[in-house]
Amino acid sequence: MTDESTLVPALTGALAAGVATPETAEIVFDIRNLSVLYGTFLAVRDVTLPVHRNEITALIGPSGCGKTTVLRCLNRMNDLVPTARVEGEILYHGVDLYGKDVDPVEVRRRIGMVFQKPNPFPKSIYDNIAFGPKIAGFKGDMDAVVEGSLRRAALWDEVKDKLKGSATALSGGQQQRLCIARAIAVQPDVILMDEPCSSLDPIATARIEGLMRELVADYTIVIVTHNMQQAARVSTRTGFFTVDVSEDGHRTGTLVEYDKTEVVFTRPSDPRTEDYVTGRFG
Amino acid sequence: MAVTTTDVVRRNLRRQGTDWGGLLFEGALLFALLVSLGFLIILVGQILVQGLALLAERGTSFLTSQSSSLPGRAGVSQALVGSLMLMLFVVATAFPLGIAAAVYLEEYAADTRFNRFITVNVRNLAGVPSIVYGLLGLAIYVKAMSGFTGGASVISGGLTLAILVLPIVVITASEALRAVPQGIREAGYGVGATKWEVVRSHVLPAAAPGILTGTVLSLARAFGETAPLILVGAVTGVFFTGSGSLVEKFQGAYTSLPTIVYTWSKLPQAEFQKLTAAAIVVLLVMLLTVNGAAIWLRNRYERKW
Amino acid sequence: MTQVPTGTHLERPGASLAPGLSAVLLGDPRRRRREKLIAAAFRAAAAFSILVGVLIVVSLLGEAVSFLRSIPLRSLWTDGWFPRRGMFDVKTILFGTLIVSVIAMVIAAPLGIGAAVFLSEYASSRFRRTVKPILETLAAIPSVVMGFFALTWISPSIVEKLMGGNSIFSMMAAGIGVGILVTPLVASIAEDAMHAVPQSLREASYGLAARRRTTSVRIVMPAAVSGIVASLIVGLSRAVGETMVVAIAAGASGGSLFTVDPFGPGQTMTGAMAALATGSDQVTGNSAAFQSLFFVGLLLFGMTLVLNLISERFVRRMRAKY
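Rules used throughout
Residues numbered from 1 in each chain as written. Chains lettered and ligands numbered in written order. Predicted model: local features only at pLDDT ≥ 70, side-chain atom pairs only at ≥ 80, totals over all residues. Domains from an automatic or database assignment. Contact = placed C-beta atoms within 7 Å. Nonpolar A, V, L, I, M, F, W, Y, C, P; charged D, E, K, R; others polar. pLDDT = per-residue confidence, 0-100. Pairing = 2+ DSSP bridges. Helix = DSSP H or I, 4+ residues; strand = E, 2+ residues; numbered from the N terminus. Axes fitted to C-alpha atoms, helices over the stretch in contact; angles between N-to-C directions.

K.L.:
Account for the domain arrangement of chain C, with residues named and values stated.
P.N.:
Residues and elements named next belong to chain C. When its domains are assigned, chain C resolves into domain 1 (27-70) and domain 2 (74-321). Domain 1 and domain 2 are separated by 32 Å when their C-alpha centres are compared. Each partner contributes residues to the interface: domain 1 has nine residues there, and domain 2 has eight residues. Here the side of domain 1 that touches domain 2 is composed, by residue class, of six nonpolar, two polar and one charged.

Next comes the structure, spelled out in structure tokens:
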């Protein structure tokens, strides 16, 4: 599966100019003409972008531009909203994620999520991590799984002596790393992160960004962030979204530009992108 | 790490059969809900079947006759009068007292231990079984204050119900007052009003719909009570209410609608079963009216604010 | 609560305002006095509730103590509860209350919590909005009505036909009736507790590939456990204090031998009190039978007070969590 056919039109110009090089990294998500409606409200329109394996892909843009909506389509979390409707196609390793035969629960076993505000269960640290594997029917050495996940999330040393302690007693940054460990414990293929550092202080944020760079060797990561600098720091590719206001006042999110991060931030093709990344708005 | 070719992924993502456990669980929960509602439907249905037949047969004479040991002549007129008089007492005593107490607790009281104790105390009183209030009424109104109340009279009954309902009035009025946004009070203070002026002109009118709804609902609760009235001497047999001075009426024998339901339900004759059902229909209609009035009042006054 | 500056703080020593100005700021003395009177009146109204509580305890204690002193204490442990014959077997009525309450909770707990879980976790918001008020109507049914229903339908159709009982009056019929009355109470409190669990926890659970049943049972219910426990205790307290259903459907108006057979007639504490009040030799004088009324009332008051205090603890814990 080559990439040329799936690149957004804005990039073909850059290709022709010989600046961008076609990538051969495997495509994990092939998002084609994705639109999402909540009832009659069109939240995001016609998004096309490929997510590559073992890369951090960032979705940036102002509030309300649909980036979280797109993210939540990738693990079918939007199914939980009764009025949500998805049009277009999302191919996960070539399989239509919204196909009739597809079980959303199985999808979520392979595509994990970390949320904006850390949401540990009001249980012990151990039970938080063990929850996912246990309900998936894991019968092996749970202690090893818990330790392994906590180590990978760079939290083991801080909590190894209080595994039975309450997860809600941890600090914000620790809780978020716990949530990452919890997501890792079910051995996913992809980790989705919805503004994971927005409720954390800069030091905790830096730790999690470092963690992301380590994890991407084994997982594919898609992150939504308000923080452009964060996107510039950690991601390989970036998609910039904006809000389109129609004549009758309807606000719909659209994808403006999607390219390698350095291109989006230094040589963007669209003036809207340039305005956003240079801080002229947003 | 998952091996990822399209076919493997497609196979893995496929539904692994129907989730029977989940369906069974949801079914059991829905069953629980339906059984609970089902009892309500059967109850209403049963009562209506028996009661409406009798009401159709007797018509308004059921409402205007006094109780009698002959089922053909028995009616609920005394019960209706009694219930109405009891409600009068509840409205006259419990409502002002309860609302005043709520105003104090929400608007005047500092957060001291004494005031917190009052709140806890009120909540505990709300949970005391109604028959214990009957005991209180018996000891105080029937015995100790018999000179004033006339012993086992409507006055005693009314005051007993008032005390029973008082904690509920306090609690619902407190909630209504708490729901008034602080901005309304601050606007009042800002123009130099005193606390009472702010409460009277701003807070109480804003909380009025909520207070009204709460008090009417507690009235409905008092209307349906039987146990305390039995203890303070509501008559559970047959008695005759003749003409007499107003004082005699207030200090004399009385009954209430729920009490007469109780009385008749204990009588062995089959016709009295139908009478009981008919009385229950009247009781439920009145309760529905009162509850409906509460909701109507709330909707009407809410529009103004 | 914002304090109104009625001028009192200006009377503190050290106030450095010009005398004329402070007089103006103090305001009209009549107005201040009226304010104080009104505040005092409201305070008295609130304090009245304490008076009620005290009166309950005092009146119950007084007569109960006098009762205990007037009877031979061994009459508290005999073959049955026959107050007019001087037999005051406490365990008869205690077991009666226990049996009826347990039957009631066996019905109310699964029905109430099951309905609550459905409404909170499975039902659409429109379904919940239509069904919840109907459920609350069930709670508003007067207990006499439920008592009549227990006698005329529950007893023949369920107890006698389904369960094979052979007495028209039974503690089972009364217990089922009380259970139906208590169910909406349990459902309402438990549902509120579960509904209050933040959606973010459910999302975390679904994100980890849990199904709805797993999320409801392993995440939501444990998170709402204080509220669920509170709902059961409140329900139990209501069941213990319920009078009219028992008075109509459980029989035993004259008295009752000690029994643990739920399919036969029996007497609870509340039923005993109602029976004493409606007998032929009614509430007169200082007979031991009359005073036993207060003794039982004191026991009942004590039981429900303890239950209510325990449930308060759980409700507070439930509110503190979120």
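Resuming the write-up.
K.L.:
I'd like a description of the interface of chain B and chain C, backed by residues and values.
P.N.:
Every contact between the two is made by 71 residues of chain B and, on the other side, 70 residues of chain C. Partitioning the side of chain B that touches chain C into residue classes produces 47 nonpolar, 16 polar and eight charged.

K.L.:
Could you give me a rundown of the confidence of the model for chain A, with the residues and numbers involved?
P.N.:
Close inspection of predicted coordinates is inappropriate for parts of the model with low pLDDT. Averaged over every residue, the pLDDT of chain A is 87; residues scoring 70 or more account for 90%. Throughout residues 1-22 of chain A the model reports pLDDT below 50, and contacts reaching past four residues in sequence, or to other chains, amount to 27 contacts.

K.L.:
Can you tell me about the sheet that holds strand β2 (residues 87-88) of chain C, naming the residues and giving the values?
P.N.:
Residues and elements named next belong to chain C. The strand order β2-β1-β3 describes an open sheet built from three strands, whose pairing is antiparallel. Pairing within the sheet leaves two strands with one partner each, and these edge strands are β2 and β3 (256-257). The pairing of strand β1 (residues 80-82) with β3 spans two bridges and is classified as antiparallel. Note that in β3 the partner of Gly80 across the bridge is Leu257. Each of β1, β2 and β3 touches helix α3 (residues 90-122); the most contacted strand, β1, lies at about 105° to it.

K.L.:
Outline the environment of C:Phe148, supporting the account with residue identities and numerical values.
P.N.:
Considering the arrangement of structural elements, one finds C:Phe148 in helix α5 (residues 143-162). The spacing of C:Phe148 and C:Arg69 is 79 residues in sequence and 38 Å in space, taken between C-alpha atoms. In contact with C:Phe148, other than residues within four places in its own chain, are B:Val261, B:Ser265, B:Thr276, B:Ile280 and C:Ile248.

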